[in-house]
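Here are the chains, one letter per residue:
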Amino acid sequence: MDLVNHLPDRLLFAVPKKGRLYEKCCELLSGADIQFRRSNRLDIALSTNLPVALIFLPAADIPIFVGEGNCDLGITGLDQIKEADMLKDIEDLLDLQFGSCKLQIQVPAEGDITTPDQLIGKKIVSSFTKLSSDYFQSLENVSTASELKTNIRYVGGSVEASCALGVADAIVDLVESGETMKAAGLKPIETVLTTSAHLISSKNPKFPELVQIIHQRFEGIMAAQRYTLCEYNAPRSILPTVLKITPGRRAATISALEKRSEEEEDWVAVSTMVEKKRTSDIMDQLKKAGATDILCFEIKNCRV
Ligand SMILES: Nc1ncnc2c1ncn2[C@@H]1O[C@H](COP(=O)(O)OP(=O)(O)OP(=O)(O)O)[C@@H](O)[C@H]1O
Ligand SMILES: O=P(O)(O)OC[C@H]1O[C@H](OP(=O)(O)OP(=O)(O)O)[C@H](O)[C@@H]1O
C-alpha cells in the first residue's frame, strides 16, 4: 500500500518508536480506541477506525516534528521537549504520568565532589547538553553557553560509564530507580529536572477538532486511572458531613430514595468520583459518618 498518498487526509500523531515510552503509548492508544496495525519495520501505521496516521519516531525528534507543525499530535518526555527548546512552540496538552524520572547530576560516589558549584570548570558528559548548559549558565551566572567555564560534552548513550572511563568529572542523565547509577558507582548531587511523558500538539493543527477529540479521550483515560466511582446511601440530615468527605470532581450527584413509610426519615443516594488512592480511607469515613451500602466501582472509561 502507498502509505504516503493516504497521509494528506489524516492527522499525523508522532509516537516513540521504541524505548521506555513505547509500550505505555501503545496501551494509551488502545485505551483511546485508536486502532492500528504496525507492520514489521514500518514507521507509519494507518489507523483502521480514525483518520489518523501514527508516525513512530525517536522520542528526541518528536518535539521538533510537532513544534514545527509536521505532526498535529505527539507523545514524548518533558525532558525531550525542553532539551529541544520546543516548550514555547507546542501546546502542552496533558501530563500522562508515566515515564517519570529525574534528570540528575551524578558524581563518583567515592569522590570529593558533593555540590554542583564544585563542578564549575570541570568536565560534564550528557545526552542533554542544552539542559546541562542552561543549568551551569545559571550556576556560573553567565548569559551564553560560550561564556561557560564548565565543559559540557555530548554522548548519545551509556552516559553513566563516562566518569569511570575518565571522560567526565560528572554526568547529567535520567534516573528512575537509581540502580543504573549505583551500579556505575555514582551518586546524585542535584536534580536538574523532574520529567514524565506528555501529550503535546502543534500550535496550528491541521485537524483541530480531531486533536480535541483525542485530547478528551486521553483526559478520560487519565481520569479513569485516577478515580473510582463511589455510591452510597445516607440520611438527608448527614448530607453536609458526607459531602465534605466526597465533594466529587465538580459536585456529587444526589437522588432521593423512595420512602418505605411516612415516618421514615428522608434518605438519599449519592454518586461521586473519589481518588483511587484515598478510596479505603473515604469508605471508612463515610461509614463512621452514618452512610450505608457504600460501593466503589472501577471506571473503565470516561469523558470529563
Ligand atoms: N529510566 C527511566 N525511567 C522512566 N522514564 C525514562 C527512563 N529513561 C528514560 N525515560 C523517559 O523515556 C524517554 C525516552 O528514553 P529512552 O531511553 O527510551 O530513549 P530512546 O528513544 O530509546 O533513545 P536511546 O536510543 O537514546 O535510548 C526519555 O526522554 C524519558 O522521558
Ligand atoms: O534509574 P534507573 O531505573 O536505573 O534508570 C536509569 C537508566 O534509564 C535510562 O536509560 P535506558 O535504560 O532507557 O537506556 P539508554 O541508556 O540506552 O538510554 C537512563 O539513561 C539510565 O541509564
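Residues numbered from 1 in each chain as written. Chains lettered and ligands numbered in written order. Predicted model: local features only at pLDDT ≥ 70, side-chain atom pairs only at ≥ 80, totals over all residues. Heavy atoms only, no water.

Trainee: Looking at this structure, I do not really get the site of ligand 2. What am I missing?
Mentor: With respect to spatial proximity, the complete set of residues near ligand 2 consists of Arg20, Glu160, Asp173, Leu174, Val175, Glu176, Ser177, Gly178, Glu179 and Thr180. Between an oxygen atom of ligand 2 and a main-chain N or O atom of Glu176, the distance comes to 2.7 Å. For ligand 2, whose unbound accessible area comes to 490 Å², protein coverage reaches 66%. Only strand E9 (170–175) and helix H6 (179–183) provide two or more residues apiece to the shell around ligand 2. (Near = heavy atom within 4 Å. Polar contact = N/O pair within 3.5 Å; in protein donor to acceptor, adjacent residues only side chain to side chain. Areas by Shrake-Rupley, 256 points an atom, 1.4 Å probe, with all protein chains shown as cover. Helix = DSSP H or I, 4+ residues; strand = E, 2+ residues; numbered from the N terminus.)

Trainee: Would you take a moment to explain the domain arrangement of the protein chain for this structure?
Mentor: It is common to report an interface's size as the accessible area lost on association of the parts. Per the domain assignment, the segments of the protein chain are domain 1 (3–99 + 197–206), domain 2 (101–195) and domain 3 (227–298). The gap between the C-alpha centroids of domain 2 and domain 3 is 51 Å. (Domains from an automatic or database assignment.)

Trainee: What's the story with the confidence of the model for the protein chain in this structure? I'm lost.
Mentor: Parts of the prediction with low pLDDT should not have their coordinates interpreted in detail. Scored by pLDDT, the protein chain comes out at a mean of 95, with 98% of its residues at no less than 70. In the model output, the complex is listed with pTM 0.91 alongside ipTM 0.95. (pLDDT = per-residue confidence, 0-100.)

Trainee: I keep staring at the packing of aromatic side chains and nothing clicks. Help me out?
Mentor: Each aromatic ring pair is specified by the distance between its two centres and by the angle formed by the two planes. The final tally for this structure, using the stated rule, is four aromatic pairs. Relative to Phe218, the ring of Phe13 has its centre 6.2 Å away and its plane inclined at 50°; by these criteria the two rings are tilted. Here the residue Phe13 occupies a position in strand E1 (residues 11–16), and Phe218 occupies one in helix H7 (residues 208–226), the gap between them amounting to 205 residues. Taken as a pair, Phe13 and Phe218 share a single burial class, namely buried. Their ring planes at 80° and their centres at 5.3 Å tell us that Tyr135 and Phe136 sit as a pair that is edge-to-face. We note that Tyr135, like Phe136, is buried. (Phe/Tyr/Trp six-rings, centres within 6.5 Å; stacked < 30°, edge-to-face > 60°. Buried < 20%, exposed > 50% of the residue type's maximum accessible area, 1.4 Å probe, protein only.)

Trainee: Please clarify how the site of ligand 1 should be interpreted in this entry.
Mentor: Surrounding ligand 1, one finds 14 residues, the nearest of these being Lys18, Arg20, Asp79, Gln80 and Glu176. One nitrogen or oxygen atom from the main chain of Arg20 is found 2.7 Å from an oxygen atom belonging to ligand 1. Interatomic distance of 3.2 Å between a side-chain N/O atom of Glu176 and a nitrogen atom of ligand 1. Out of a free accessible area of 620 Å², ligand 1 has 73% covered by protein chains. Looking at the shell around ligand 1 residue by residue, the classes come out as four nonpolar, six polar and four charged. (Nonpolar A, V, L, I, M, F, W, Y, C, P; charged D, E, K, R; others polar.)

Trainee: Is there a simple way to explain the environment of Thr194 in this structure?
Mentor: Position of Thr194 among the secondary structure elements: in strand E10 (residues 186–195). Here Thr194 falls in the exposed class, since its relative accessible area comes to 52%. Separated by 91 residues in the primary sequence, Thr194 and Leu103 have C-alpha atoms spaced 6.3 Å apart. The residues touching Thr194, leaving out its near neighbours within four places in the chain, are Leu78, Cys101 and Lys102. (Contact = heavy atoms within 4.5 Å.)

Trainee: Teacher, can you tell me more about the sheet that holds strand E3 (residues 52–57) here?
Mentor: Adjacent strands of a sheet form backbone hydrogen bonds with each other and so pair up, either parallel or antiparallel. Across the sheet, six strands lie side by side as E2-E3-E1-E4-E11-E5; this open sheet has mixed pairing. Edge positions in the sheet fall to strand E2 (44–46) and strand E5 (90–95), since each has one partner strand and no second. The mean angle between the axes of side-by-side strands here comes to 25°, regardless of whether they run parallel or antiparallel. Running at roughly 145° to E1, helix H2 (residues 22–31) makes contact with E1, E3 and strand E4 (73–77) of the sheet. The sheet strands contacting H7 are E1, E3, E4, E5 and strand E11 (197–202), and the helix crosses E5 at an angle near 25°. (Pairing = 2+ DSSP bridges. Axes fitted to C-alpha atoms, helices over the stretch in contact; angles between N-to-C directions.)

Trainee: Looking at this structure, I do not really get the environment of Arg37. What am I missing?
Mentor: With respect to the helices, strands and loops of the structure, Arg37 is situated in the loop between H2 and E2. On the basis of relative accessible area, Arg37 is assigned to the exposed category, the value being 71%. C-alpha separation for the pair Arg37 and Ser47, spaced ten residues apart in sequence, amounts to 7.4 Å. The contacts of Arg37, once residues within four sequence positions are left out, are Ala45 and Leu46.

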